[in-house]
Amino acid sequence: MKTKEKSLKTKKYVGLKRSFVFYKKHIGLFIGIIIFSLLGSGLSVLTPIFEGNILTEFTNLNFDKVLLFAGCVLVLSILIKLCYFIWFRFLVNINQRVKVDIKHSLIKNLVNLETKNFDKTNSGVFISRVNSDANELSTFYNSLVDCIADVISNFGFVVYIAFVNIWVALFIVVELVLVYILENSRIKIWFKNRKIWKEANEKVVGGYSEIIRGIRDIKTLNLKDAAINKVSKYQDEAILLSKKIDYENDNWRRFKQIVCAVFEFLFILMCVLFIKYGLLAPATFFIVYVYFGRAVGLINYIVNIKQHLTDGELAAERVLEILDSEKFSKEQFGSKTIENLKGSIEFKNVTFTYNNDEKLFKKLNLKISPNQMVGIVGKSGQGKSTILNLIGKLYDISDGEILIDDVNIAELSESALRDNVSIVMQTPYIFNMSIMDNMLLVNPKATKKQIYNACKKAQIHDFIFALPKKYDSLVGENGVVLSGGQRQRLAIARALLKNSKIILFDEATSALDNESQGKIKEVMDSLKYDHTLIVVAHRLSTVVDCDKILVLDNNKIIAEGTHKQLIKSCNVYKELYKTEELV
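What counts, and where the lines are drawn
Residues numbered from 1 in each chain as written. Predicted model: local features only at pLDDT ≥ 70, side-chain atom pairs only at ≥ 80, totals over all residues. Heavy atoms only, no water. Helix = DSSP H or I, 4+ residues; strand = E, 2+ residues; numbered from the N terminus. Buried < 20%, exposed > 50% of the residue type's maximum accessible area, 1.4 Å probe, protein only. Contact = heavy atoms within 4.5 Å. Areas by Shrake-Rupley, 256 points an atom, 1.4 Å probe, with all protein chains shown as cover. Salt bridge = Lys/Arg side-chain N within 4 Å of Asp/Glu carboxyl O. Pairing = 2+ DSSP bridges. Axes fitted to C-alpha atoms, helices over the stretch in contact; angles between N-to-C directions. Expected span 1.5 Å × (residues − 1). Patch = residues over 30% accessible without salt bridge, like charges linked within 9 Å, V, L, I, M, F, W, Y side chains within 5 Å. Phe/Tyr/Trp six-rings, centres within 6.5 Å; stacked < 30°, edge-to-face > 60°. Lys NZ or Arg CZ within 6 Å of the ring centre and 35° of its normal. Parallel < 35°, antiparallel > 145°, perpendicular 65-115°, else oblique. Nonpolar A, V, L, I, M, F, W, Y, C, P; charged D, E, K, R; others polar. 1 Å grid on protein atoms, 1.4 Å probe; cavity = no way out; pocket = protein on both sides within 12 Å on 5 of 7 lines; lining within 4 Å. Points joined across faces, edges and corners; volume = space filled by probe spheres on them.

*Asks:* Which residues make up the overall build of the chain, and what values go with them?
*Replies:* Scanning the chain for helices and strands turns up 21 helices and ten strands. With 583 residues in all, the chain has 46% of them scored as buried. Considering only contacts in the chain between residues 6 or more positions apart, those separated by 24 or more positions represent 77%. About 30,400 Å² of surface is accessible on the chain, with carbon and sulfur atoms providing 58% of the total.

Given below as structure tokens:
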């Protein structure tokens with residue numbers, strides 16, 4: 001058990017060390033922060049000494065020296081303020097830059113994670129790490145340097161007290177050691193509780209984000225109370241944890257304050273005895289007593305270092321779980337490319353399972369020739385959409401091979417695969433920006449003519465041109481101002497602008513009216529001569545004109561052929577077709 005704890009502790013410190021890479025890019029600013037922070041703290045050590053001399057000279061009625069030391073305090077004050085003025089400018093600069101770097105790295109790694117991570121993980125887990133953990137990590141080293149500077153400043157005064165009276169200094173050291181032991185115990189409990197709270201808070205963030213993303217369904221299904229109650233439950237759990245943590249933390253702090261109050265009484269008692277027996281001058285006692293709190297405050301800064309280390313360890317651990325794929329697995333690609341891709345697709349003995357559950361496919365085989373339009377039909381849960389996701393490598397297969405132009409997709413580079421394969425989802429995501437910007441996302445170098453041609457092929461250009469701002473029209477979050485058919489056609493236009501040789505349609509017409517379905521079908525018919533198309537369809541009317549239709553049942557391909565062939569030879573297909581006619 002101890003070995004495991006030691007291993008975890010080492011791992012956490014390695015995480016903090018690793019996170020310093022974000023500061024190395026701005027090492028000049030970081031060094032500047034250290035220099036001016038230490039310089040300001042070093043000068044601060046002198047202030048109590050001069051102020052002590054002012055009190056001493058006042059007692060001796062030596063006003064010339066009082067003014068001399070007061071002038072020194074003024075000069076020191078100006079220099080200290082100047083140091084911290086420059087320090088703060090450097091601090092703000094580096095904090096913002098590091099924060100951006102960490103968040104960019106997190107987002108870059110998030111989009112490279114395997115799709116299955118998003119299937120089984122609350123979105124709040126990722127949102128919290130990109131926001132709160134990245135923010136904490138971006139300020140960690142600066143806060144640490146600042147605390148170290150404060151320690152140096154206050155330690156200097158303890159040294160000063162040691163020169164004044166060694167016994168008083170030793171008394172303070174004993175108090176510091178005892179208080180540190182108490183605070184160290186508090187922080188261990190804090191770390192454990194903080195980790196649990198962050199996990200609970202992730203559920204809250206995920207719940208709120210789901211309400212915002214699903215606001216239209218929440219309204220139309222009258223789910224306001226249910227949705228709010230669900231996230232309120234998560235919030236209540238997080239609040240209870242937070243209260244528990246705060247109460248425990250406060251209990252430790254109050255106990256520490258009582259200990260400090262006892263020591264302060266003992267300190268005064270000791271000094272009274274020293275003065276009584278001539279071991280301490282009254283003026284010296286007054287100076288030491290005025291700054292006694294500052295000397296004892298040294299432990300607070302030492303504890304703050306420990307606190308920052310604890311919070312930094314936790315933030316680094318959670319950020320590095322994404323950056324290093326310790327908890328969330330990343331997509332893996334090869335390095336091969338295919339010149340002049342033709343568009344053939346083949347499954348060879350493909351076995352696939354979601355999350356180690358029962359196998360969805362076992363030794364699945366299929367073959368699609370270039371420039372074919374192939375339909376896939378079957379009842380719900382047979383794996384129709386999964387076939388498309390496997391071709392796009394959104395999930396990795398357990399066994400077998402998926403080939404494009406006789407090359408295993410596992411050996412293809414990401415761009416070689418994803419540039420040539422586009423999936424038009426049933427509910428494609430349209431970004432909250434203008435139509436033109438949505439198109440430029442897939443091809444930033446595209447000309448207006450290329451964008452117009454892609455939209456004309458997708459039969460959406462005339463609609464766009466009828467809008468007041470035409471291609472500069474904003475479409476709202478997820479294209480909310482567009483109809484389902486318009487979103488589908490815009491998604492098809494994006495795939496065409498990307499110039500994907502293979503286009504996969506996942507239930508692209510299932511939620512559309514007959515007119516919209518007809519337009520999408522026209523688009524498909526126009527594309528099949530120079531693209532390989534695979535159409536997963538709930539409505540069989542979408543696939544009746546396909547060159548080949550694959551029928552899935554019991555997670556197997558039980559038949560393939562044209563509509564006319566299958567309507568005669570395949571009972572499952574015949575039943576599916578009859579069911580649609582009845583509807």
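*Asks:* So what about the pattern of salt bridges? Which residues, and what values?
*Replies:* Should the charged atoms of two oppositely charged side chains come close, the side chains can pair. Here the structure, examined in full by the defined rule, presents eight salt bridges. Measuring nitrogen to oxygen at the nearest pair gives 2.8 Å for the salt bridge that ties Glu331 to Arg418. Residue Glu331 is located in the loop between helix H12 (298-323) and strand E1 (345-352), and its partner Arg418 is located in helix H14 (residues 414-418); the two are separated by 87 residues in the primary sequence. A salt bridge links Lys393 to Asp396, with the shortest nitrogen-to-oxygen separation between them at 2.8 Å.

*Asks:* Mind laying out the sheet that holds E1, listing which residues take part and the relevant values?
*Replies:* With respect to topology, four strands assemble into an open sheet ordered E2-E1-E4-E5, the strand pairing being antiparallel. Pairing within the sheet leaves two strands with one partner each, and these edge strands are strand E2 (361-368) and strand E5 (407-408). Note that strand E4 (residues 399-404) and E5 share two bridges and pair antiparallel. Paired with Ile404 across the bridge in E5 is Val407. Most of the contacts of helix H13 (residues 384-391) go to E1, to which it runs at about 110°, and overall it touches E1, E2 and E4.

*Asks:* An account of the side chain of Ser500 is requested, with residue identities and associated values reported.
*Replies:* Structurally, Ser500 can be placed in the loop between helix H18 (484-497) and strand E7 (502-506). Judged by relative accessible area, which is 1%, Ser500 ranks as buried. Beyond its immediate sequence surroundings of up to four residues, Ser500 is in contact with Asp419, Asn420, Val421, Ser422, Ala495 and His531.

*Asks:* Would you mind going over helix H3 (residues 27-59) in detail, with residue names and values included?
*Replies:* Taking 1.5 Å of rise per residue, the 33 residues of H3 would be expected to cover 48 Å, and the 49 Å separating its terminal C-alpha atoms lies within 8% of that figure. Trailing H3 by a residue or two, Leu61 shows a phi angle of about 60°, which is positive.

*Asks:* Requested: an account of the sheet that holds strand E8 (residues 532-536), with residues and values cited.
*Replies:* Strand order in this open sheet of six strands is E6-E7-E8-E3-E9-E10, and the pairing throughout is mixed. Because the sheet does not close on itself, it has two edges, and the strands there are strand E6 (421-424) and strand E10 (556-561). On average, each strand axis in the sheet is tilted by 20° relative to the strand beside it, whichever way the strands run. Strand direction decides the pairing type here: strand E9 (residues 548-553) and E10, joined by five bridges, are antiparallel. From the neighbouring strand, Val551 faces E10, where its bridge partner is Ala559. On top of the sheet, H18 reaches E6 and E7; it is set at about 175° to E6, its chief contact.

*Asks:* Report on a nonpolar patch on the surface, specifying residues and quantitative values.
*Replies:* There is a patch of nonpolar side chains on the surface, built from Ile258, Val262, Phe265, Leu266, Leu269, Leu273, Tyr277 and Leu279 and spanning about 820 Å² of accessible area. Structurally, the position occupied by Tyr277 is in the loop between helix H9 (224-276) and helix H10 (282-290). In this structure Tyr277 comes out as exposed when scored by relative accessible area, which is 61%.

*Asks:* Help me get a handle on H12, residues and values and all.
*Replies:* Compared with the 38 Å implied by 1.5 Å per residue over 26 residues, the 36 Å span of H12 between its first and last C-alpha is a close match. For H12, a buried count of 21 out of 26 residues is recorded, marking the element as mostly surrounded by other parts of the structure.

*Asks:* Lay out the packing of aromatic side chains in plain terms, naming residues and giving numbers.
*Replies:* The tally for this structure, following the rule as stated, stands at eleven aromatic pairs. Aromatic pair Tyr84 and Trp87: ring centres 5.7 Å apart, planes at 85°, arrangement edge-to-face. Of this pair, Tyr84 and Trp87 both sit in helix H4 (residues 63-110), three residues apart, roughly one helical turn. In textbook terms, an aromatic cluster arises when at least three aromatic residues are bridged by ring pairs, as seen for Tyr84, Trp87 and Phe88. The side chain of Lys393 reaches across the aromatic face of Phe333, ending 4.8 Å from its centre.

*Asks:* Which residues make up the pairing of E9, and what values go with them?
*Replies:* Here E9 lies mainly inside the structure; six of its six residues are buried. Here E9 shows a buried face lined by Lys548, Leu550 and Leu552 and a second buried face lined by Ile549, Val551 and Asp553. Pairing between strand E3 (residues 373-378) and E9: five bridges, direction parallel. Its bridge partner lying in E9, Val374 is registered against Lys548.

*Asks:* Can you break down the packing of helix H15 (residues 435-442) against helix H16 (residues 448-457) residue by residue, with the values?
*Replies:* When two helices pack together, you describe them by how their axes are tilted relative to each other and by the distance separating the axes. Running from amino to carboxyl end, H15 crosses H16 at an angle of 100°, the nearest separation of the two axes being 11 Å. In terms of orientation, H15 and H16 fall into the roughly perpendicular class. Contact with H15, carried on its side by Met436, Met439 and Leu440, involves Lys448, Ile451, Ala454 and Cys455 of H16 and no other residues of that element. For the contact of H15 with H16, the class distribution of residues is six nonpolar, no polar and one charged.

*Asks:* Mind laying out empty space enclosed by the protein, listing which residues take part and the relevant values?
*Replies:* Tallied over the entire structure, the rule returns one cavity of 30 Å³ or more. By volume, the largest cavity amounts to about 50 Å³. Forming the walls of the largest cavity are Arg186, Ile189, Trp190, Asn193, Ile245, Glu248, Asn249 and Trp252. When the residues that make up the lining of the largest cavity are grouped by side-chain class, the tally is four nonpolar, two polar and two charged.

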